[in-house]
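Listed here are the chains, written in short residue letters.
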Amino acid sequence: MTDRKPPVSVTVLGTGLIGAAVARNLARKGFGVRVWNRSPEKARALAADGAEPVDRAADAVRDADIIVTVLKDGPAVREAMVAALPGLPKEAIWLQLSTVGVGAIEALAGFAAENNLVLYDAPVQGTRQPAEQGRLVVLASGPVSRRPEAQTVFDAIGQRTLWVSEAPGGASRLKLALNAFVFALTHGTAESLAIAQALGLNPALVIEAVTGGPLDSPYVQAKGGAMLNGDYATSFSVANGLKDAGLVIEALAGTSIRADLAEAGLARFRRAAEASHGGKDIAASFLV
């Protein structure tokens, strides 16, 4: 345990769909929030929500108690942290919320050690709506000593925190396993609807048949409904699905596991991206 006071200053690097929602929730919960984004206009849009936009990453992190990264992938996270390096306070807490995969989190842990940062590997489970509602599930790995401070942020952005291990890496591994499940549900729903349609049936009958039974779930209802209504507003883009499915396959290299569903799902995301659906929600799996 530490006698350090709870943090009041948080810098969020990356203000896309999830990062912007994280920043808004932190500001609403009383944190002093600075925000930075590679495209400055996205950060500036958060001024109306009580966050302070800063154009340079190094200035954004200066004197911050906690730095939060919410970016597309490992290279983007490292690029942002290298840009922030001149302003990074020593022994600051770094909450890494992005889905970056196994190799990247190991490299980022090395960067943290080299620069006296306390890293918490904390990818989040949930898309735009739960992020906006402050109901993400945080998967967290990191040292016990500074967890109470990290937890204040996790409590502000999430409904639950699952502590996985005391060293960075465990949470990122669990996130890959969970994403594989998400993709299997998405593609399975899409394929079931497409099969019904190809066989001359109204695909809505699939959802009607499972409703209220053991195969039903809020996720199937949400994604199946989006597919039936042609609603591909992005909560989790095909492009990010393609990236994350690739991370699953990459992480399994050298193991004895053959992830048939993950490999097929990766191919399906690739087809969707090649058909110009990359910016749409992963429900666009139904289109291919």
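A short tour of the structure in this document, coming up.

1. Quick look at the pairing of strand β8 (residues 136-141)
Burial within β8 is extensive, with six of its six residues counted as buried. On β8, burial covers both faces: Leu136, Val138 and Ala140 on one face and Val137, Leu139 and Ser141 on the other are all buried. Pairing analysis gives two bridges linking strand β7 (residues 124-125) to β8, with the strands arranged antiparallel. Each bridged residue has a counterpart across the sheet, and for Gln125 the counterpart in β8 is Val137. As paired elements, β8 and strand β9 (residues 158-165) share six bridges and run parallel to each other. Bridge pairing links Val137 to Arg160 in β9. For the crossover that starts at β8, traverses helix α7 (residues 147-157) and ends in the parallel β9, the hand is right-handed.

2. Describing the packing of aromatic side chains
Remark: the centre distance and the inter-plane angle together describe each pair of aromatic rings, the angle taken between the planes. Applying the stated rule across the entire model yields five aromatic pairs. An angle of 85 degrees between the planes, with centres 5.1 Å apart, marks the rings of Phe183 and Phe269 as edge-to-face. Here Phe269 lies in helix α12 (residues 260-274) and Phe183 lies in helix α8 (residues 170-198), a separation of 86 residues in the sequence. Grouped by ring-pair contacts, the aromatic residues Tyr120, Phe154 and Trp163 constitute a single cluster.

3. A look at the nonpolar core
Val12, Leu26, Val33, Leu95 and Leu97 are the most contacted members of the largest nonpolar core, which totals 34 residues. For this core, the secondary-structure elements that each account for two or more residues are β1 (9-13), α1 (17-28), β2 (32-36), β4 (66-69), β5 (93-96), β6 (118-121), β8 and α7. Membership of the second largest hydrophobic core comes to 24 residues, among which are Ala60, Val61, Ala80 and Leu117.

4. Some thoughts on the packing of helix α4 (residues 74-84) against helix α5 (residues 102-114)
Close contact between α4 and α5 brings their axes to 10 Å; oriented N to C, the two are set at 15 degrees. Regarding the angle of α4 to α5, the classification is roughly parallel. Viewed along their axes, α4 and α5 form a crossing whose handedness is right-handed. Of the residues in α5, those touching α4 at Gly74, Val77, Arg78, Met81 and Val82 are Ala104, Ala107, Leu108 and Phe111. Here the residues of the contact of α4 with α5 are counted per class, giving seven nonpolar, one polar and one charged.

5. Here we look at the environment of Phe236
With respect to the helices and strands, the residue Phe236 is situated in the loop between α10 (218-229) and α11 (238-252). For Phe236, a relative accessible area of 13% corresponds to the buried category. Separated by 110 residues in sequence, Phe236 and Gly126 place their C-alpha atoms 8.9 Å apart. In this structure, Phe236 is in contact with Thr127, Asn179, Phe183, Gly241, Asp244, Lys280, Asp281 and Ile282, ignoring residues within four places of it in sequence.

6. Things to note about unusual backbone geometry
The phi torsion at Glu91 lies on the positive side, around 65 degrees, for a residue other than glycine. With respect to the helices and strands, Glu91 occurs in the loop between α4 and β5. Here the phi dihedral of Ser276 falls at roughly 70 degrees; this positive angle occurs in a residue that is not glycine. The residue Ser276 is located in the segment after α12 in this model. The class of Ser276 is exposed, set by a relative accessible area of 65%.

Cut-offs used in this document
Within each chain, residues carry numbers counting from 1 in the order of the written sequence. Selection of residues for local features in this predicted model requires a pLDDT of at least 70, selection of side-chain atom pairs for listing and counting requires 80 or more, and totals for whole chains, interfaces and linings are taken over all residues. Computation of side-chain values covers all heavy atoms of the structure but excludes hydrogens and water. Note on exposure labels: buried denotes an accessible area under 20% of the residue type's maximum, exposed denotes more than 50%, and partly exposed covers the range between, all computed with a 1.4 Å probe on protein chains only. Secondary structure follows DSSP: runs of H or I at least 4 residues long count as helices, runs of E at least 2 residues long count as strands, and numbering of each begins at the N terminus. If DSSP finds at least two bridges between two strands, the strands pair. By convention, orient the strands away from the viewer: a clockwise path from the first strand over the helix to the second makes the crossover right-handed. For this analysis, a ring pair means two rings from Phe, Tyr or Trp (six-membered ring only for Trp) whose centres lie within 6.5 Å, classed as stacked if their planes differ by under 30 degrees, edge-to-face if by over 60, and tilted for the remaining angles. The nonpolar core is taken to be a set of buried Ala, Val, Leu, Ile, Met, Phe, Trp, Tyr and Cys residues, with the residues joined through side-chain atoms within 4.5 Å. An axis is simply a line fitted to the C-alpha atoms; with a helix, the fit covers only the stretch in contact. Between two such axes, the angle follows the N-to-C directions and lies from 0 to 180 degrees. Any angle between 65 and 115 degrees counts as roughly perpendicular, while under 35 counts as roughly parallel, over 145 as roughly antiparallel, and the rest as oblique. Crossing handedness is read from the near helix: turned anticlockwise from the far helix by less than a right angle, it gives a left-handed crossing, and turned clockwise, a right-handed one. Here, two residues are considered to be in contact whenever any of their heavy atoms come within 4.5 Å of each other. For this classification, Asp, Glu, Lys and Arg are treated as charged, while Ala, Val, Leu, Ile, Met, Phe, Trp, Tyr, Cys and Pro are nonpolar and the rest, including Gly, are polar.

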